[in-house]
Amino acid sequence: MPHYTDALTQLGAATDLPASPDRAVLERVPNPQAGEVYAIRFTQPEFTSLCPMTGQPDFAHLVIDYVPGDWLVESKSLKLFLGSFRNHGAFHEDCTVGIGKRLAETISPQWLRIGGYWYPRGGMPIDVFWQTGAAPAGLWLPDQGVAGYRGRG
């Protein structure tokens, strides 16, 4: 099964949550502002996956920034893709980097970064960051805006 498609099969239709990230299909649409340098941000503050060792849930706040090339990721397919991790066992690093790489493969952006701000496991938060390279010159790129974990108070 291909990992992405240019055909919009999920938008506007009832779509079940994919059983796993491998079965999820990311859809892309042409960028109406191709050639412009601008950033797009997706924030997923309630991302979940499973610890591959214990099967217990893990929670993260994901921030995905990208500068599109010829393609945009279709947002409903991205939501379904991210939701497909809910019952998927993987380490924080694998989830975060894997999501970034899959998006980069699908939309061939000028630049992409993902910040995975994971809530504590074993008393220690694990934050994971990945990007495709240096951001384009002249890009206005705000801070991801997620404070380091402080616990209560």
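Residues numbered from 1 in each chain as written. Predicted model: local features only at pLDDT ≥ 70, side-chain atom pairs only at ≥ 80, totals over all residues. Heavy atoms only, no water.

- Under an unreviewed UniProt entry, the name given to the protein chain is NADPH-dependent 7-cyano-7-deazaguanine reductase, and the organism recorded is Paracoccus sediminis.

Side note on helix α1 (residues 75-83)
One turn of the α-helix equals 3.6 residues, which is why residues spaced by three or four share an orientation.
Logical step 1: Those residues of α1 lying buried are S77, L78, L80, F81, L82 and G83.
Logical step 2: On the buried face of α1, the contacting elements are β2 (26-30), β3 (40-50), β4 (57-67), β5 (71-73) and α2 (92-107).
Logical step 3: Its side-chain oxygen placed 3.0 Å from the backbone nitrogen of K76, E74 serves as the N-cap of α1. (Buried < 20%, exposed > 50% of the residue type's maximum accessible area, 1.4 Å probe, protein only. Helix = DSSP H or I, 4+ residues; strand = E, 2+ residues; numbered from the N terminus. Contact = heavy atoms within 4.5 Å. Polar contact = N/O pair within 3.5 Å; in protein donor to acceptor, adjacent residues only side chain to side chain.)

Topic: the pattern of salt bridges
Two side chains bearing opposite charge may form a pair once their charged atoms approach each other closely.
Logical step 1: Applying the stated criterion across every chain yields a total of 3 salt bridges.
Logical step 2: Among the ionic pairs, R41 bridges to D65, the shortest N-O distance being 2.6 Å. Here R41, found in strand β3, pairs with D65, found in strand β4; they are 24 residues apart in sequence, far enough to count as distant.
Logical step 3: Given a relative accessible area of 31%, R41 falls into the partly exposed group.
Logical step 4: Its relative accessible area of 1% is what places D65 among the buried residues.
Logical step 5: The closest approach of N and O atoms between D58 and R121, which form a salt bridge, is 2.2 Å. Separated by 63 residues along the polypeptide, D58 in strand β4 and R121 in the loop between β6 (111-118) and β7 (127-131) bring together distant segments of the chain.
Logical step 6: For D58, a relative accessible area of 6% corresponds to the buried category. (Salt bridge = Lys/Arg side-chain N within 4 Å of Asp/Glu carboxyl O.)

Structural notes on the UniProt feature "active site" (unreviewed entry) in the protein chain
Logical step 1: Residues annotated in UniProt with the feature "active site" (unreviewed entry) correspond here to C51 and D58.
Logical step 2: Topologically, C51 is positioned in the loop between β3 and β4.
Logical step 3: Not counting the four nearest positions on each side in its chain, C51 is found in contact with Q56, D58 and R121.
Logical step 4: Setting aside anything within four residues of it in sequence, one finds D58 in contact with F47, T48, S49, L50, C51, H92, W118 and R121.
Logical step 5: Within the structure, the side chain of D58 is placed 3.4 Å from the backbone nitrogen of C51, a separation counted as a polar contact. (UniProt positions renumbered as here; feature names shortened; annotations may be inferred.)

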